[in-house]
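Residues per chain, in single letters:
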Amino acid sequence: SSLRRLQADSRSRGDRKNTGNSRVVYCTVSHFFSFFFSLQGAGQDVGRSCILVSIGGKNIMLDCGMHMGYNDDRRFPDFSYITQNGRLTEFLDCVIISHFHLDHCGALPYMSEMVGYDGPIYMTHPTKAICPILLEDFRKITVDKKGETNFFTSQMIKDCMKKVIPLNLHQTVQVDDELEIKAYYAGHVLGAAMVHIKVGSESVVYTGDYNMTPDRHLGAAWIDKCRPDILISESTYATTIRDSKRCRERDFLKKVHETIERGGKVLIPVFALGRAQELCILLETFWERMNLKAPIYFSTGLTEKANHYYKLFITWTNQKIRKTFVQRNMFEFKHIKAFDRSYADNPGPMVVFATPGMLHAGQSLQIFKKWAGNEKNMVIMPGYCVQGTIGHKILNGQRKLEMEGRLSLTKKLCRNNNNKTCSHQGSESNHHLLDVKLQVEYMSFSAHADAKGIMQLIRMAEPRNMLLVHGEAAKMEFLKGKIEQEFNINCYMPANGETETVTTNPSVPVDISLNLLKREMALGGPLPDTKKPRTMHGTLIMKENSLRLVSPEQALKELGLNEHQLRFTCRVQLQDPHSDSDTLHRIYTHLKSVLKGYTIQHLPDSTVMVESIVIKLSSSAEDPNTKVLLLSWSYQVIDLSYSQC
Amino acid sequence: MDRECVALLPRVCEVLAESGKSLPDDTSLEKLLDWFTGLAKAGASLLEVCPCLLEFISTVIYNTDADPSVLSFTLKLTGLMAASEDGFKMLKECSILRQAYDIQHWQDAGLWEDPCIRIGWIQGLRSMLQHPMALHFLVETDFTRHLLQLQTDASLFVASAANQVLAHILVFFQPLSSDDVEKKEEKEMRTYACIKAPIAMDTDIEHLAVAMETSHEYIAVTTAISDHLKVSLVPKENAQFHQSLQSLKLLALLLAQAKPPLEDTLLRTVLGSLEALVKAEYSQLTLPLMDVLLTACSHCNTDEHVTDQTVSCLLSSMLDTSKPSDLIQAAAAVLRRGHRDIIHSAKAVGILLLPLDIITGQTLLSTHSEEQRFSVEELLKSKTSCISMLCVSLMNTPQITLMPPDFLPCPPVTVVTAVLSLLRICSGHAPSSSIGSSKTCRNIIGNGKVQRCGLEALTALSTSPGGKEKMSEVFTVLIQYLQNPDSDPTVIQKSYQALVKWMGVCTDISSMRDQLTQDLLEVVKKRMCDMHWEVRDSTVEFLGQLGGVCTSTKPDQVVCVSEALLGCSTVPLLIEALCDSESYVRASTISALAQTLAHSWQQGAAVTQEQTDIVIRLLDILSNDTEGFARRAVVQYFTAWFSSYSSNTLPLSSSSSSLLMKSVHSVLSQGSADLDWEVKLHTLQLAQLLLDKALPGLQGSRLDSDTHTTPPTPSLNNLPHPYAVGSDQAYTLHTHTGAQTHTDPAGEGGCRESMEMDLADAVHSLVEQGVVSALLSGLVDCDRPVGLKACRLLRTLRDTICLQDTPAALATATRVACELPGSGWGREIRKILEKKCDWSKCESEEDDSVCVGVYEALRSLGLDEKLAILTQSSDHVHNSPLSLLQDILSTSDTHTQPGTQPGQEVIVDCY
């Protein structure tokens with residue numbers, strides 16, 4: 001090929017207003033209905049992560065999460081804000097899911113099977129495998145809560161998953177001719193990915209949830225220095241510098257061990273997959289090391305499946321697990337056995353992992369009820385619980401829990417208007433009070449990047465703009481200040497439902513022909529250097545989505561065009577009593593005096609030529625003093641011609 | 001309202017009013033508001049029931065340091081309380097109303113920038129605007145102007161809410177015409193239920209209407225809004241598109257609900273702006289503008305009306321716009337909205353068919369403007385617009401073919417031909433001679449999006465008139481798609497769906513046999529080994545669906561398509577798929593097997609070795625498969641088989657019956673002990689069928705009163721899906737009316753003894769089959785749906801025995817005993833029974849199991865109480881208002897009283 005690719009940097013210099021070729025990226029951020037406003041840290045929102053990005057004319061939905069705190073339509077994003085009449089397929093170019101947590105993928109079957117999105121959905125292989133398990137797990141909870149309407153079925157989950165296109169790490173996937181995406185490792189949970197979205201020269205990176213420090217089974221998040229126009233980052237721990245996860249793990253093991261030692265039972269409510277496996281590894285290793293004999297049970301029957309996936313996706317775990325995989329698979333647990341409901345009544349210590357994770361129904365609740373009365377026992381809540389669940393209540397210190405299940409007259413404690421405790425006979429009720437004597441512990445094991453980690457990622461990716469989501473407003477404000485100060489870039493933190501528009505100055509690549517470069521060099525120009533932009537002249541050809549700068553001759557040849565010369569003419573009248581030849585001579589002399597440096601000729605055919613400008617003179621038939629000057633010039637000397645006129 | 005809630009509310013208000021105190025989580029305030037809204041809707045006066053709310057509001061609205069979410073909540077609550085006239089007066093007298101909704105106050109405090117305050121303000125106003133006094137307040141305070149400004153708020157939620165309120169004001173207070181009043185009275189005569197709800201004051205609408213007719217306030221608001229619409233509809237510069245868009249949305253909302261006087265006023269005012277907008281041809285506004293015009297058109301009464309004529313002209317202009325991409329969107333909108341006037345519809349059809357006509361070279365349109373054709377051709381050369389236009393075109397083709405012939409430029413069959421041609425082009429199978437425009441064709445070859453749209457269109461076209469003529473071509477194209485190695489999984493799935501649909505309408509499948517059998521079998525075999533589980537699953541699903549597709553040429557001659565085409569090849573293929581590595585595929589295979597074997601079950605054919613092998617494999621899956629989907633499907637397989645057996649009029653061969661009953665026993669014991677809740681639930685459905693079979697005619701009226709209607713027994717051709725939620729209505733006991741059941745006419749005494757024995761035998765057989773054990777095990781299951789189902793069935797069984805009208809019958813039946821194992825569910829049941837002092841048991845010498853009388857156990861289990869509990873939501877206790885109030889208080893206590901509870905802050909991260 002005679003073409004050599006050079007980057008013609010069209011970035012504006014100086015005043016931004018003068019940028020003729022700047023383009024705009026619309027980045028609509030809408031965590032539908034989730035509220036960032038809070039009181040003392042408890043009002044943060046978990047749920048309905050759903051961001052719409054418009055870039056280079058493409059609309060991409062990033063995550064499609066649900067909120068577990070509602071039983072009605074409010075648990076799902078309201079897609080009518082995007083487009084009405086359910087024409088999501090027409091509007092969206094693709095949906096990308098960052099990881100399998102329900103606040104990032106829980107509304108996906110609703111969107112694809114009930115609202116009617118039929119376009120491509122992207123997620124990593126592990127996320128595709130694990131997502132249905134969690135969606136099924138959650139579906140069970142909703143079936144448990146009667147009166148549920150407008151909820152997806154198992155068939156819908158499967159049909160939705162059939163639409164999913166799996167992503168490999170670091171593999172560029174072409175969604176269409178213009179839109180491409182690339183996944184990067186995000187840590188956080190198995191299969192979690194950050195995604196680089198590119199349309200032409202514009203790009204966005206969306207982090208989903210990520211973790212910049214490796215943990216027991218996962219590695220740290222990593223990304224190329226891809227310099228996106230916008231980096232959309234989660235900011236759950238925007239101002240926190242978290243203690244190392246090791247400390248939390250040590251604390252966890254210590255508490256479990258102490259309880260076991262005193263003959264108590266430990267209940268760990270979990271969701272089917274994710275944190276459960278992480279804690280299983282922790283206990284398994286500890287049991288092995290300490291040679292403990294107390295049984296560990298996993299209640300859901302999903303252990304095998306979960307472990308299967310962890311084994312299958314071993315490449316997604318950390319280096320240590322991958323290295324030792326051949327000798328011993330970390331996910332083949334020796335000490336953890338399947339649970340039978342009758343074991344709950346067995347005497348002696350034991351540890352049980354049971355679903356669901358918020359103690360609102362099912363096996364975990366049943367075991368909790370059995371064990372709650374004994375102060376030797378312990379419940380460890382490894383994750384957040386929404387209001388309206390027993391998990392939420394015990395985490396807030398409630399020790400007398402109203403439980404369903406007994407027809408009796410109960411005495412209820414209440415406070416009257418004067419804030420004094422009183423008692424009254426409650427009406428006949430199906431409820432009874434459960435006295436919670438067991439120890440309640442909360443240990444967050446979720447792996448998010450803290451403030452330090454977020455700054456580290458910015459350093460890695462070098463974005464031109466930053467957008468913070470999935471966090472608490474006040475904390476994000478603090479981090480925003482830090483980012484703007486340290487990196488000197490714009491940082492945005494739009495509220496839910498707000499649209500943020502970020503202006504970018506994209507580089508438009510142009511190919512330049514070798515001939516043109518040679519010609520420039522022959523004229524004494526410097527060698528091409530991408531670091532030293534300079535002006536080049538040529539003909540710009542836009543053909544099949546590419547731009548090329550070639551010599552005019554080559555352009556004519558390539559496009560099959562004939563060359564035509566365009567000449568401009570004008571007629572000027574002047575009054576001069578001299579003869580025609582004298583007048584012409586006088587003009588010639590005058591031009592000679594004012595246009596020094598130009599080639600001026602007085603030709604024998606009574607014309608004067610200035611460069612390519614031709615001047616002819618004739619007299620008017622009626623009045624010999626009136627001379628008519630005929631001027632003709634080509635496009636190349638247009639400036640000179642006008643000045644002469 | 002619950003007394004306990006009333007008692008707690010003042011403290012909750014204190015907590016909320018104290019800025020800085022923590023709330024349990026972000027949903028609490030919304031849930032609290034839900035509760036108040038519910039109370040108000042039920043007719044309670046919030047001010048009377050919760051007097052502390054007044055103090056709460058007056059404290060919070062002056063406290064600009066309060067948390068914005070609490071302030072927002074307060075604004076909404078204020079509006080809710082002011083929804084009743086009494087509440088409004090009270091709040092006004094206390095000057096709360098003016099203070100709460102004073103925008104300047106919030107702006108000065110720097111809080112107005114917070115979108116949640118603006119949302120609170122708007123939603124509060126929306127709740128309040130239920131009576132003339134509120135309207136007066138709105139006008140007095142000039143809030144309409146603010147609402148119009150908020151229409152273009154940076155927050156989508158605020159902007160949308162503002163539009164909703166503006167529409168509500170005009171529509172709610174609009175004067176009704178006399179016709180409307182009459183219609184409303186008639187309606188109320190039919191469904192009158194006098195609930196005096198302060199916020200849904202439908203009953204007072206007529207009075208309101210009369211009051212409003214002459215109301216200056218209403219006229220002022222109408223004028224302000226319509227004038228604003230008039231000005232804001234046409235964007236003055238590019239930045240104003242958002243404003244125009246919002247105004248168009250508001251106009252569409254208004255026109256959809258406005259009655260004649262208001263509708264006329266609105267249309268008259270904005271008509272000029274709409275004309276300007278149509279002329280300007282802004283692509284971004286095409287769809288919302290079409291929405292407005294079509295809504296206006298749907299209200300047009302007569303063509304003689306000048307406004308109506310103008311609207312119609314505007315619609316015509318939209319369908320003459322010069323930009324083809326806008327044009328096709330506008331045409332699609334006409335069809336989507338079901339607009340039916342011959343001029344516009346025919347025009348829209350022409351526009352929608354043009355891209356198909358150009359690309360496929362099929363003459364779909366006899367006449368069309370050359371200019372338009374040229375511009376569409378040019379646009380089709382660009383890949384993006386080509387795909388987008390074709391998809392819109394394809395989506396509308398099925399509807400086009402169903403339109404009256406006058407609307408169509410060509411016979412429907414030509415449209416089917418064009419879609420087929422397009423599909424051929426997309427897959428690269430079109431002969432070059434038949435391609436319309438080769439340049440544009442390159443854009444769509446191998447494009448999955450167009451392929452999917454085309455296949456969906458083809459599926460829907462199966463019912464189009466004239467479609468049958470193309471049957472053979474359709475099958476050829478679909479088989480080509482299935483054979484194509486480049487077809488992606490979603491394309492394969494859609495091809496199968498289309499195939500099933502077309503086979504369903506094929507009246508003479510035998511004529512297709514030669515064409516299809518070989519190719520179809522080959523491709524199915526190939527796709528069963530596809531590396532993508534999605535493809536394997538779709539293939540298996542297809543085989544299952546094919547098993548349920550029957551066609552008939554004559555009324556008495558029903559042909560199963562699967563048998564006709566694939567003969568006996570299906571079952572071996574499916575048996576092989578039982579070993580698939582993906583559980584979804586295994587589950588679909590089991591379901592497909594049930595659908596395929598349904599015919600032989602129905603015919604009562606003798607069991608074959610192949611069927612015996614299948615049963616062995618399925619029972620093995622039930623006991624060993626690690627995944628729930630496959631196990632659920634196994635139980636449903638046997639349920640379907642048993643259901644077919646019970647409803648079969650033909651005698652079942654003894655081998656088949658014996659194999660079935662033996663299997664059912666295993667399924668019941670394994671299924672009820674499964675770890676998956678849906679396997680257990682499906683097992684109970686099987687138990688229900690067994691109960692039904694064992695106790696025909698003896699069963700009393702059904703007492704599980706929550707089953708409102710008895711659905712028909714499912715036919716094998718519409719089996720519930722293997723993943724369907726276990727519905728109590730899927731398989732129900734055959735209902736027998738009380739009159740039929742309990743009538744023991746004189747003269748039939750001779751039968752009594754045998755009936756007594758029948759009942760005892762039936763109960764005994766239920767024990768033997770494991771039905772009673774399955775039900776008892778389900779009763780104490782921790783998964784609520786399982787417990788509920790088991791409880792209902794046990795109650796039915798108990799009542800059936802109990803309702804025996806002779807002591808002898810009862811005595812015989814009560815002698816039947818069942819065994820309770822010493823561990824697991826047996827121990828749970830024993831615990832319940834042990835609380836009853838009078839229960840008798842017979843202990844086993846071999847293990848620690850005991851035997852109890854079935855009837856005695858059923859009477860002592862407290863089934864009615866249990867049912868009352870189980871029929872409620874599992875979270876009804878902890879999602880109650882009382883629980884919410886307690887949570888708010890306990891969170892606050894946790895934060896204010898150190899030492900009461902864990903020092904560690906609960907981090908709200910993810911789940």
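Residues numbered from 1 in each chain as written. Chains lettered and ligands numbered in written order. Predicted model: local features only at pLDDT ≥ 70, side-chain atom pairs only at ≥ 80, totals over all residues. Heavy atoms only, no water.

An unreviewed UniProt entry lists chain B under the name BRCA1-associated ATM activator 1, from Myripristis murdjan. Taken directly from UniProt, the Sequence similarities (unreviewed entry) text for chain B runs: "Belongs to the BRAT1 family." One UniProt comment on chain B, placed under Subcellular location (unreviewed entry), says "Cytoplasm". (UniProt positions renumbered as here; feature names shortened; annotations may be inferred.)

The name that an unreviewed UniProt entry assigns to chain A is Integrator complex subunit 11, with the source organism given as Myripristis murdjan. Here is the UniProt Cofactor (unreviewed entry) comment for chain A, exactly as written: "Zn(2+)". The UniProt entry for chain A carries this comment under Sequence similarities (unreviewed entry): "Belongs to the metallo-beta-lactamase superfamily. RNA-metabolizing metallo-beta-lactamase-like family. INTS11 subfamily."

Draft legend 1. Representation of the overall build of chain B. In terms of regular secondary structure, chain B is built from 46 helices and 5 strands. The 911 residues of chain B split such that 58% are buried. Within chain B, contacts between residues separated by at least 24 positions form 74% of all contacts whose residues are at least 6 apart in sequence. A total accessible area of about 36200 Å² is found for chain B, and carbon and sulfur atoms account for 52% of it. (Helix = DSSP H or I, 4+ residues; strand = E, 2+ residues; numbered from the N terminus. Buried < 20%, exposed > 50% of the residue type's maximum accessible area, 1.4 Å probe, protein only. Contact = heavy atoms within 4.5 Å. Areas by Shrake-Rupley, 256 points an atom, 1.4 Å probe, with all protein chains shown as cover.)

Draft legend 2. Local environment of the pattern of salt bridges. Residues and elements named next belong to chain B. The full count for this structure, using the stated rule, is 63 salt bridges over all chains. Across the salt bridge formed by E473 and R424, the nearest N and O atoms sit 3.2 Å from each other. Separated by 49 residues along the polypeptide, E473 in helix α27 (residues 471-483) and R424 in helix α24 (residues 412-427) bring together distant segments of the chain. Residue classification places R424 among the buried residues on the basis of a relative accessible area of 19%. (Salt bridge = Lys/Arg side-chain N within 4 Å of Asp/Glu carboxyl O.)

Draft legend 3. How the structure looks around the nonpolar core. One finds A:F252, A:F368, B:F36, B:W121, B:L274 and B:Y637 to be the most contacted residues of the largest nonpolar core, which totals 418 residues. Excluding anything up to four places from it in sequence, B:F36 contacts B:L9, B:L46, B:C50, B:L53, B:F73, B:L77 and B:L80. (Core = buried A, V, L, I, M, F, W, Y, C linked by side-chain atoms within 4.5 Å.)

Draft legend 4. Fine view of the sheet that holds strand β16 (residues 350-354) of chain A. Residues and elements named next belong to chain A. Ordered in space as β15-β14-β16-β13-β17-β22, the 6 strands form an open sheet in which the pairing is parallel. The open sheet is flanked by β15 (336-338) and β22 (439-442), the only strands paired with a single partner. When the angles between neighbouring strand axes are averaged without regard to direction, this sheet yields 25 degrees. Here strand β13 (residues 265-269) pairs with strand β17 (residues 378-381) via 2 bridges, running parallel. Bridging across to β17, V266 finds its partner in M378. Strand contacts of helix α6 (residues 245-261): β13, β16, β17 and β22, with the helix running at about 140 degrees to β13, the strand carrying the most contacts. Here helix α7 (residues 275-290) sits on the sheet in contact with β13, β14 (296-298), β15 and β16, set at roughly 165 degrees to β16. (Pairing = 2+ DSSP bridges. Axes fitted to C-alpha atoms, helices over the stretch in contact; angles between N-to-C directions.)

Draft legend 5. Region of interest: the packing of aromatic side chains. Applying the stated criterion across every chain yields a total of 34 aromatic pairs over all chains. Ring geometry for B:Y496 against B:F542: centres 4.6 Å apart, planes inclined by 25 degrees, an arrangement best described as stacked. Of this pair, B:Y496 sits in helix α28 (residues 489-505) while B:F542 sits in helix α30 (residues 533-548), and the two are 46 residues apart along the sequence. Of the two residues, B:Y496 and B:F542, neither departs from the other in class, the shared state being buried. Each member of the aromatic cluster is reached from another via a ring pair, and the members are A:F76, A:F79, A:Y110, A:F138, A:F151 and A:F152. (Phe/Tyr/Trp six-rings, centres within 6.5 Å; stacked < 30°, edge-to-face > 60°.)

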